[in-house]
Structure formats: C-alpha cells, structure tokens
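Residue-level structure breakdown
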Amino acid sequence: MATASIYSTAPDLTENDYLVLGLATCFVKEEGEVHELQIIEPIPSAALEAIVKGIPTSYQQAWGTTLGTVIAGDQPQKPTECPDAAQFSEEFVQRAIAAARTYKSRPVAQEHIPQGTIRNDFNYSTERKRVLNMQRVVTKEDNVKQHDYTHKVL
C-alpha cells in the first residue's frame, strides 16, 4: 500500500524515503578571520558514490536516515547523532528533498550507508577549505583577451 506524501512541495516523496545526511567541516570568513563550523547537509547519491571511492571530502561522517526523521512538516529536525554545535545548511529542506529523489532514482546507492547506520571512514580533509560566505569579485583583468577576428567569419 502506498503512503501518501506529507510534503507539499514534493508529492512524489514520503516520510519513509531514504536520505543521507553528512556532517561537514566548513568555514566562514568574518572581518579577516576564518571561523570553523560544523554543517549538517544532505548528500546526493552521486556525491556519496564519489566520496566512498576515496576523494578528499569535508565530510567527517554521514548517516543513512529517512526524510521523516529529519523533516517535520517543513522544518528540519536535528538527528540525535549530530553534535549540538552543528547547524543546518542553507535551504536544508529543499536540498534534502532533492537528495532523496536521487536515491529514489538510484536505489543501489543506498547500500553504501544502510538506513540507521553511520559511516566515518571517508578521506576527510580540510586542506581545501569550504568557505561558505566567499564572494568573488570579477575585475577587468579577469577578462580573456581575444583576437580581433575571433567572432568574424573568415
């Protein structure tokens, strides 16, 4: 018997749909100083498959769970496995719904972290820092110089 969706923005999903959450080490730059944060964010199936193959990642750990465990109504709920200091990522609910859809379309990815388990054997590295509030300022020097004939038909 199919369970009716409880998510107004995702009628194709139910509270029993699988999802992977990760605990990432991120950074925020304020007044010239860099501060470390722990962020709880959904991990899509393609990203999880790359992470378990050993690429360096900012994720300390990840756990398999369900949408109903982490979203009540339209509000995120912190899982008991999370440290108290951890914060939710921006647009957490929308990102969790999108990530859950990736596991629905690729269920074999659920085998990497079965529901109810935690995995922390990733290639954890903060060498390349994930700065959340980084702003890029584009200058005139960033433009690529082109020849006069680049856009001409010869």
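See the structure printed just above.
For the structure given in this document, a descriptive report is provided here.

1. Examining the overall build of the protein
Within the protein, the regular secondary structure consists of three helices and seven strands. Along the protein, helices (α) and strands (β) appear in the sequence β-β-α-β-α-β-β-β-α-β when read from the amino end. The C-alpha radius of gyration computed for the protein amounts to 20 Å, which surpasses the reference 15 Å derived for 154 residues by more than 25%, pointing to a less compact arrangement than a globule. Projected onto its principal axes, the C-alpha positions of the protein cover 65 × 45 × 30 Å. The buried share among the 154 residues of the protein stands at 33%. In the protein, once contacts between residues fewer than 6 apart in sequence are set aside, the share between residues at least 24 apart is 69%.

2. Considering the sheet that holds strand β3 (residues 59-66)
Pairing between the strands of a sheet is mediated by backbone hydrogen bonds and can be parallel or antiparallel. If you walk across this open sheet you meet the five strands as β6-β2-β1-β3-β7, and the pairing is mixed. At either end of the open sheet lies a strand with only one pairing partner, and these are β6 (87-88) and β7 (118-119). The pairing of strand β1 (residues 18-30) with β3 spans seven bridges and is antiparallel. Paired with Leu 19 across the two strands is Thr 65, which belongs to β3. In the packing of helix α3 (residues 92-105) onto the sheet, contacts are made with β1, β2 (33-42) and β6, and the angle to β1 comes to roughly 140°.

Scoring rules and cut-offs
Residues numbered from 1 in each chain as written. Predicted model: local features only at pLDDT ≥ 70, side-chain atom pairs only at ≥ 80, totals over all residues. Heavy atoms only, no water. Helix = DSSP H or I, 4+ residues; strand = E, 2+ residues; numbered from the N terminus. Rg over C-alpha atoms; globule rule 2.2 N^0.38 Å. Buried < 20%, exposed > 50% of the residue type's maximum accessible area, 1.4 Å probe, protein only. Contact = heavy atoms within 4.5 Å. Pairing = 2+ DSSP bridges. Axes fitted to C-alpha atoms, helices over the stretch in contact; angles between N-to-C directions.

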